[in-house]
Amino acid sequence: EEIKHAYFEAAQKLHPDKNTAAGETELFLGAQQAYETLSNSKRRTLYDATLPAQQKIFLPYDHKLIYSRPNLVQLDEPQMLYLIMELEAPAEARHSPSPPLNVCLVLDRSTSMKGEKMDVVKSTAIQVLRNLRPQDILSVVTFSDRAEVIIPAAYHQDRTRLEARIQMIQPSGATEIYQGLEAGVKEVMRSLDAKRISHVILLTDGHTYGDEQECLALASKIAERGIGISAMGIGQEWNDVFLDILATRTGGSSAFISEPKDIKRLLLEKFNALAQTYADDVALEFTLQDGVELSYAFRLQPDPGPVLVNESPLHLGPILQDTAIRVIFEYIIEPKAVKSNVLTFLE
């Protein structure tokens, strides 16, 4: 049916009765010959045998696209369309060695962290240190109204001494996230390498005051260098909107920790996920045709969270070796975009 439709469309444009331009008759005869070949299974098989072998395109990922509906209709009002995009590591790469890590833990040690929260954070940081592979680099920064590098970025051999430094962390002062974030980024930058997964993990239980824009500007800057930020808010007092934006600017994620006892589980899960990374920061470049707006995007897995959609490229986050990245996109289709029977989305 597609071949027949294409032939009738070409014939209407090229038929000698309607088109007398030089060379158009030859084009019409060529279209006629193509139709006679392609519409006959035996002739088409013989023709296909004369073609050179098709080269298979090998992509560094497997992908799947699922649309909320197969077609659009012509209306005088906007329509909505949803698309789920799934990207995963190719089968041959799912069991290959994962790249080494370059991770900084940025830990809130303000007065509000006193007690169980601080005890769990310290024990978890020690557990992370013990879980390091020989090729991994870990740094630890604490902050309140000032920042302190507890463990500088390096390969760590004498872990007993470093564990003692973590145990000595004492809560005090107010919460100024930029102080800690800036110090953490500096530690990651010291060992920045395209072959490493470079990431900052921020834990805080409170609001930061007056330095939000500096934090967001820093996040935008390090996103260009391939450094991600994941933010974890503990308790009820943290600024969820701010941490969401901070993380999504780098393709990272934010998480809510309601009880101190959950800190260890979530932090270790995040660290283990980083160690299973296939692609650290998937950036999607896109072009929309006139009248099509990408209004919203949300990552469904591996770390659920919103995706910033202000401009191309979009930072979608990581593809893990054993977990695909799945993102849902919401499009608004204006009437002027549906001018014909076919609407094409350009990726």
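Everything in this summary refers to the structure shown in the same document. Numbering of residues starts from 1 in every chain and runs along the sequence as written. Under the rules for a predicted model, residues below a pLDDT of 70 receive no local features and side-chain atom pairs below 80 are neither given nor counted, while totals for whole chains, interfaces and linings still include all residues. The side-chain quantities take in all heavy atoms of the structure and omit both hydrogens and water.

## Considerations on the packing of helix 4 (residues 116-131) against helix 9 (residues 262-275)
What counts is decided by this rule: As a rule, the C-alpha atoms of each element are fitted with a line to give its axis, helices using only the stretch in contact, and angles between N-to-C directions run from 0 to 180 degrees. The helix count covers DSSP runs of H or I at least four residues long, the strand count covers runs of E at least two residues long, and both are numbered beginning at the N terminus. Any angle from 65 to 115 degrees is called roughly perpendicular, while one under 35 is roughly parallel, one over 145 is roughly antiparallel, and all others are oblique. For any pair of crossing helices, the crossing counts as left-handed if the nearer helix is rotated counterclockwise from the farther one by less than a right angle, and right-handed if it is rotated clockwise. Only heavy atoms enter the contact rule, under which two residues are in contact if any of them lie within 4.5 Å. Residue polarity is assigned by list, with Asp, Glu, Lys and Arg as charged and Ala, Val, Leu, Ile, Met, Phe, Trp, Tyr, Cys and Pro as nonpolar; anything else, Gly included, falls into the polar class.
Contact pair helix 4 / helix 9: the axes reach a minimum separation of 9 Å and the direction vectors enclose 30°. The angle between helix 4 and helix 9 places the two elements in the roughly parallel class. Both helix 4 and helix 9 take part in a crossing whose hand is right-handed. Two secondary-structure elements touch here, helix 4 through Lys-117, Val-120, Val-121, Thr-124, Gln-127, Val-128 and Asn-131 and helix 9 through Ile-263, Lys-264, Leu-267, Leu-268 and Phe-271. Grouping the constituent residues of the contact of helix 4 with helix 9 by class yields seven nonpolar, three polar and two charged.

## Overview of the sheet that holds strand 13 (residues 325-333)
We apply this condition: A pair of strands is labelled paired if DSSP reports no fewer than 2 bridges between them.
If you trace the five strands from one edge of the open sheet to the other, you get 1-2-13-10-11, paired in antiparallel fashion. Of all strands in the sheet, those with a lone pairing partner are strand 1 (62-67) and strand 11 (305-306), marking the two edges.

## Section: the side chain of Ser-144
As a reminder of what qualifies: Relative accessible area decides the class of each residue, using a 1.4 Å probe on protein chains only: under 20% of the type maximum gives buried, over 50% gives exposed, and in between gives partly exposed.
Within the secondary structure layout, Ser-144 lies in the loop between strand 4 (137-143) and strand 5 (147-154). Judged by relative accessible area, which is 2%, Ser-144 ranks as buried.

## Side note on helix 5 (residues 159-167)
Selection rule: As used here, the arc belongs to the directions running from the helix axis to the C-beta atoms.
The set of residues buried in helix 5 consists of Leu-162, Glu-163 and Ile-166. Looking down the long axis of helix 5, one finds its buried residues gathered within 105° of arc, a one-sided arrangement. As for helix 5, its buried residues are in contact with helix 4 and strand 5.

## What to know about helix 4
The condition is simple: For a helix, the expected span equals 1.5 Å multiplied by the residue count minus one.
With 16 residues, helix 4 ought to run about 22 Å at 1.5 Å a step, and its terminal C-alpha atoms sit 22 Å apart, in line with that. Where the residues of helix 4 are buried, they touch strand 3 (101-108), strand 4, helix 5, strand 6 (197-204), strand 7 (228-234) and helix 9.

## A word on the pattern of salt bridges
Note the following rule: Take a side-chain nitrogen of Lys or Arg and a carboxyl oxygen of Asp or Glu: if they are within 4 Å of each other, that pair is a salt bridge.
Applying the stated criterion across every chain yields a total of 10 salt bridges. Note that Glu-187 and Arg-190 form a salt bridge whose closest N and O atoms lie 2.8 Å from each other. Of this pair, Glu-187 and Arg-190 both sit in helix 6 (residues 177-190), separated by three residues, roughly a single helical turn. Here Asp-290 ties to Lys-336 by a salt bridge, and the two come within 3.5 Å at their closest N and O atoms. On the criterion of sequence distance, the pair formed by Asp-290 in the loop between strand 9 (277-284) and strand 10 (292-301) and Lys-336 in the segment after strand 13 is long-range, its members being 46 residues apart. Residue classification places Asp-290 among the exposed residues on the basis of a relative accessible area of 57%. Ionic contacts of the salt-bridge type, sharing partners, join the residues Lys-261, Asp-262, Arg-265 and Glu-269 into one network.

No statement about biological role is implied by the geometric values presented.
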